[in-house]
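# Inside the fold
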Amino acid sequence: MINLNNLILDNNNKTSGLNFNKSENDKKVYIETYGCQMNYSDTEIVLSVLSKSGYNETTDINNADAILLNTCSIRENAEKKIFYRLDALRYFKKRNPNLVIGILGCMAERLRKDLLENKKIVDIIVGPDEYRKVPQLIDNVFETGEKGIAVKLSKVETYDDIIPIRRDGVSAWITIMRGCDKFCTYCVVPFTRGRERSRKLTSIIDEAKRLYDEGVRDIWLLGQNVNSYKFENYDFSDLLKQVAISVPKMRVRYTTSHPYDLNLKLLETMAEHDNICKYIHLPIQSGSDRILKLMNREYSVSDYMKVMHKAREMMPGIGFSTDIISGFPTETEEDHKMTINVMKEVMYDYAYMFTYSRRPNTKAFRMEDDIEPEVKTRRLDEIIELQRDMSYESNKKLIGKITNVLIETISKKSDDYLMARTDCNKSVIIPSLPQKTYVDKSGDLILNNNYKIGDFIDVRISKCNSATLFGETVE
Ligand code: 5AD
Ligand code: SF4
């Protein structure tokens, strides 16, 4: 069990002015997170809010007094997963009738009291802008047995004063803005996460500095659309520059961005600062102008390509990834081929690819979902296969090259290896055991690659597959 109170006190020691009015409480909360990085970052905020009220986190579901699911609504499948999970949680509720079950996040916001009515085991429903109320709502169920719901969206809530409780690691997210005003016609996010709002620039910088002092070496500035960041007269490029200068030895990345707002100033800022990673995740969604228009994406393929070419011209070797939706209403084979052509032209290093899922309330919901499921899947399979080949080609180009990596974790597959990451966001597996030893002048045995998690080291790429690079240390 992780004691959140201790973690909070640790954080308090390292910062000033944060006073958590912690009350005593022996209740344990177990949280599962689904969906995008924003949700994972929000879970860290919820843990912090809970800890302030004296709750502890448990990683053992059998031990929990409350089970919270932080949910995603982006596609129908994401919601189905939660419904299956709720069915499975009935067993825990039967075993312990006092157990509190809560739904947080986008599904809570979208389905609201319908969820309480249709899923009897759910006790609390909390939307993304109401996380400060989570402890109060749980307390209330314990004390009175009353179910609770808090789903108001806010124009100002940024949780700016809350220090997220993060898992240990060299990589951390900093949420810089919340919400989305783009209203792409297929997307529920503007409805589940509300209007755009940005955090104070100074508090973001303070958080970056504090994270550096705590051993973090890689930060991701996070938001649904980071390049609409606006605080006083500062735009996203200004923020990125200030962060890069404030923590010069920290790797700084951002996600996710919208092509409409990605301007030359941002590319110049990226090119100017060595510690801003040369990597852009820029969702294209479709390679057909007709479909982009129906999606309300506000750019054409040629606008998009201009940005990509400029970025490569200014930062050769930059890494690109994207999101693509297959089978949007009315998508023809011709439109699909256009997407394939754009993928080939850009040569993405990585892509997140999905079949279109019709979401209630969105503008596209009113269009007929007219592409047969088999056709959607076949098109998706084609783009996945193409992307796999291109990822492999792009990785192969690095074989024999020396590149600087940050060692992030022990490899998932074996303790004998570590997982490191290049500046352009490719993972590299390196041996964790020192490979060579030599005896120095005084007769001492020296291990020549005694590196550890959190170190930046140079490695030579020796082989690869489409997902991963393998490297050796350079003497
Ligand atoms: N259907 C399929 N994919 C979607 N996305 C967003 N909404 C939908 C939907 N209704 C994808 C987009 C977005 C990513 C986060 O999820 O590609 O960029
Ligand atoms: Fe959804 Fe479009 Fe906003 Fe991204 S930019 S969150 S796809 S509405």
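Residues numbered from 1 in each chain as written. Chains lettered and ligands numbered in written order. Predicted model: local features only at pLDDT ≥ 70, side-chain atom pairs only at ≥ 80, totals over all residues. Heavy atoms only, no water.

Let us now look at helix α7 (residues 201-213). For an α-helix the count is 3.6 residues per turn, leaving residues at separations of three or four pointing the same way. Here α7 contains 13 residues, and its C-alpha end-to-end distance of 19 Å stays within 8% of the 18 Å for a straight helix at 1.5 Å per residue. Listing the buried residues of α7 in full gives Leu201, Ser203, Ile204, Ile205, Glu207, Ala208, Arg210 and Leu211. Downstream of α7 by one or two residues, Gly215 has phi in the positive range, about 105°. (Helix = DSSP H or I, 4+ residues; strand = E, 2+ residues; numbered from the N terminus. Expected span 1.5 Å × (residues − 1). Buried < 20%, exposed > 50% of the residue type's maximum accessible area, 1.4 Å probe, protein only.)

The next thing to look at is the nonpolar core. Counting residues in each nonpolar core, the largest one holds 66 residues, and the members touching the most others are Ile219 and Leu221. The biggest single contributor to this core is helix α11 (residues 301-314), with six residues. Contact partners of Leu221, with chain neighbours within four places excluded, come to Ile174, Ile176, Val226, Phe236, Leu239, Leu240, Val243, Val252, Arg253, Tyr254 and Thr255. Among the nonpolar cores identified, the runner-up in size contains 23 residues, and Val29, Tyr55, Val100 and Ile162 belong to it. (Core = buried A, V, L, I, M, F, W, Y, C linked by side-chain atoms within 4.5 Å. Contact = heavy atoms within 4.5 Å.)

Another aspect to go through is the site of ligand 1. Around ligand 1, a shell composed of Ile74, Arg75, Tyr186, Gln285, Asp323, Ile325, Phe354, Thr355, Tyr356, Ser357 and Arg359 is seen. A distance of 3.0 Å separates a nitrogen atom of ligand 1 from a polar backbone atom of Tyr186. Protein chains shield 86% of the accessible area of ligand 1, which is 400 Å² for the free molecule. Counting only elements with at least two residues in the shell around ligand 1, the list comes to β15 (319-326) and β16 (350-355). Class assignment for the residues of the shell around ligand 1 results in five nonpolar, three polar and three charged. (Near = heavy atom within 4 Å. Polar contact = N/O pair within 3.5 Å; in protein donor to acceptor, adjacent residues only side chain to side chain. Areas by Shrake-Rupley, 256 points an atom, 1.4 Å probe, with all protein chains shown as cover. Nonpolar A, V, L, I, M, F, W, Y, C, P; charged D, E, K, R; others polar.)

In this section: the packing of helix α12 (residues 333-346) against helix α13 (residues 373-396). Across the interface, α12 lies against α13 with an axial gap of 11 Å and an inter-helix angle of 15°. As the angle between them shows, α12 and α13 are arranged roughly parallel. Note that α12 runs across α13; the crossing there is right-handed. Taken together, the residues of α13 that come into contact with α12 (itself represented by Glu333, His336, Ile340, Met343 and Lys344) are Val375, Arg378, Arg379, Glu382, Ile383, Leu386, Gln387 and Met390. (Axes fitted to C-alpha atoms, helices over the stretch in contact; angles between N-to-C directions. Parallel < 35°, antiparallel > 145°, perpendicular 65-115°, else oblique. Left-handed = near helix turned anticlockwise from the far one by under 90°.)

The next subject is the packing of helix α8 (residues 236-246) against helix α9 (residues 264-272). In contact at an axis separation of 9 Å, α8 and α9 are set at 10° when each is read in the N-to-C sense. Relative to α9, the element α8 lies roughly parallel. Mapping the contact onto sequence places Phe236, Ser237, Asp238, Leu240 and Lys241 in α8 and Lys265, Leu266, Thr269, Met270 and Glu272 in α9. Residue classes in the contact of α8 with α9 are distributed as four nonpolar, two polar and four charged.

Let us now look at the environment of Asn227. For Asn227, the location among the structural elements is in the loop between β10 (218-222) and β11 (230-231). Residues Asn227 and Ile125, 102 residues apart in the sequence, show an inter-C-alpha distance of 31 Å. Setting aside its immediate chain neighbours within four residues, Asn227 contacts Phe236, Ser257, His258, Asp261, Leu262 and Leu266. Among the polar contacts made by the side chain of Asn227, one reaches the main-chain amide nitrogen of His258 at a distance of 3.2 Å.

Moving on: the sheet that holds strand β7 (residues 171-175). Taking strand neighbours across the sheet as the criterion, the three strands line up as β7-β10-β13 in an open arrangement whose pairing is parallel. Lying at the two open borders of the sheet, with one neighbouring strand each, are β7 and β13 (251-255). Mean inter-strand twist for the sheet, computed between neighbouring axes without regard to direction, equals 25°. Docked against the sheet, helix α2 (residues 37-52) engages β7, β10 and β13, running at close to 90° with respect to β7. (Pairing = 2+ DSSP bridges.)

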